[in-house]
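# Results of the structural survey
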Amino acid sequence: SPQKDMNKKREIIDFFKKQLKKSYLIRYLKKIQKSYFYQKVSWTNPTETFLRQNSITVEALIKIKEICEIKNIELSIFMIPDKKKLINKENDFHYNEFKNIMKNNNFNFIDVLPYFKFHNNLFFRKDIHLTEKGHEVLSEALINYLTSD
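This report concerns the structure included in the present document. (Residues numbered from 1 in each chain as written. Predicted model: local features only at pLDDT ≥ 70, side-chain atom pairs only at ≥ 80, totals over all residues. Heavy atoms only, no water.)

Once that is clear, we can look at unusual backbone geometry. Most peptide bonds are trans, and most residues other than glycine sit at a negative phi. Unusually for a residue other than glycine, N72 sits at a positive phi of about 60°. For N106, which is not a glycine, the phi torsion comes out positive at approximately 60°. Examined against the element boundaries, N106 turns out to sit in the loop between α5 (93-104) and β2 (108-110). (Helix = DSSP H or I, 4+ residues; strand = E, 2+ residues; numbered from the N terminus.)

Following the sequence through the fold, T131 ends up in the loop between α6 (113-117) and α7 (132-147). Setting aside residues no more than four positions away along its own chain, T131 makes contact with N121, L122, F123 and F124. (Contact = heavy atoms within 4.5 Å.)

We now examine the nonpolar core. Residues I77, M102, V112 and F116 are the most contacted members of the largest nonpolar core, which totals 24 residues. Among the secondary structure elements, those contributing two or more residues to this core are α3 (46-70), α5, β2, α6 and α7. Aside from chain neighbours lying at most four places away, what touches F116 is I80, P81, L86, L122, F123, L130, G134, V137 and L138. (Core = buried A, V, L, I, M, F, W, Y, C linked by side-chain atoms within 4.5 Å. Buried < 20%, exposed > 50% of the residue type's maximum accessible area, 1.4 Å probe, protein only.)

This part covers the environment of D92. Among the secondary structure elements, D92 is positioned in the loop between α4 (83-87) and α5. Along the chain, D92 and L113 lie 21 residues apart, while their C-alpha atoms are 9.4 Å from each other. Those residues in contact with D92 that sit more than four places away from it in its chain are P81, D82 and K85. At 2.8 Å, the side chain of D92 forms a polar contact with the backbone nitrogen of D82. (Polar contact = N/O pair within 3.5 Å; in protein donor to acceptor, adjacent residues only side chain to side chain.)

Attention now goes to the pattern of salt bridges. Note on pairing: side chains with opposite charge can pair once their charged atoms come close. All told, the structure shown has 2 salt bridges when counted by the stated rule. With a closest N to O distance of 3.5 Å, K85 and E90 form a salt bridge. Under the relative-accessibility criterion, K85 is labelled partly exposed at 26%. The partly exposed category is assigned to E90, whose relative accessible area is 42%. Of the charged contacts in the structure, one is a salt bridge between K99 and D111, with a shortest N-O distance of 2.8 Å. Taken as a pair, K99 in helix α5 and D111 in the loop between β2 and α6 lie far apart in primary sequence, 12 residues in all. (Salt bridge = Lys/Arg side-chain N within 4 Å of Asp/Glu carboxyl O.)

Now the structure itself:
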C-alpha cells in the first residue's frame, strides 16, 4: 500500500540521517586533510591550496577505495555543497571540481547538489552543519541514488 511504502521510506531516511551524523569515514578524511593542510598551505595562492587539499583527499579516497575493492565493498562518494554558495545561488566551483575529480578517478559520485538547490534552511544559521531538514534532504538524495537502476 502507498502508506506502507511511505512509512518504509521514512524509516530509511531516519536511518540515513542517524548514520550521516556519526560518519567516521567523513571524520577520518577531515583529519587527514587538516593534518596535511597546515603543512602544505599556500596563503598567497588559494587555487594552489585548493588543488593540494583535493589531491590529499583523492589520495586518501583511492586508498580507501582499494581496501573496499579487496573486501568486495562498493564505495560511493558525495560532497555537501557550500552553504554560502547555495544561499547566494552562486556557482560552487569547489563542488563541481571535486565532482569532476571523482569521476575522473572512477569513483561512484552521488551528485546531491540538485537536491540542495531548491530548499531553504538546510544549514544552521551560525555554522556550516546541516539541520535536521538538511539531513533529510541529503538522505533523500542518497536513497534515490541507492534505489535507482
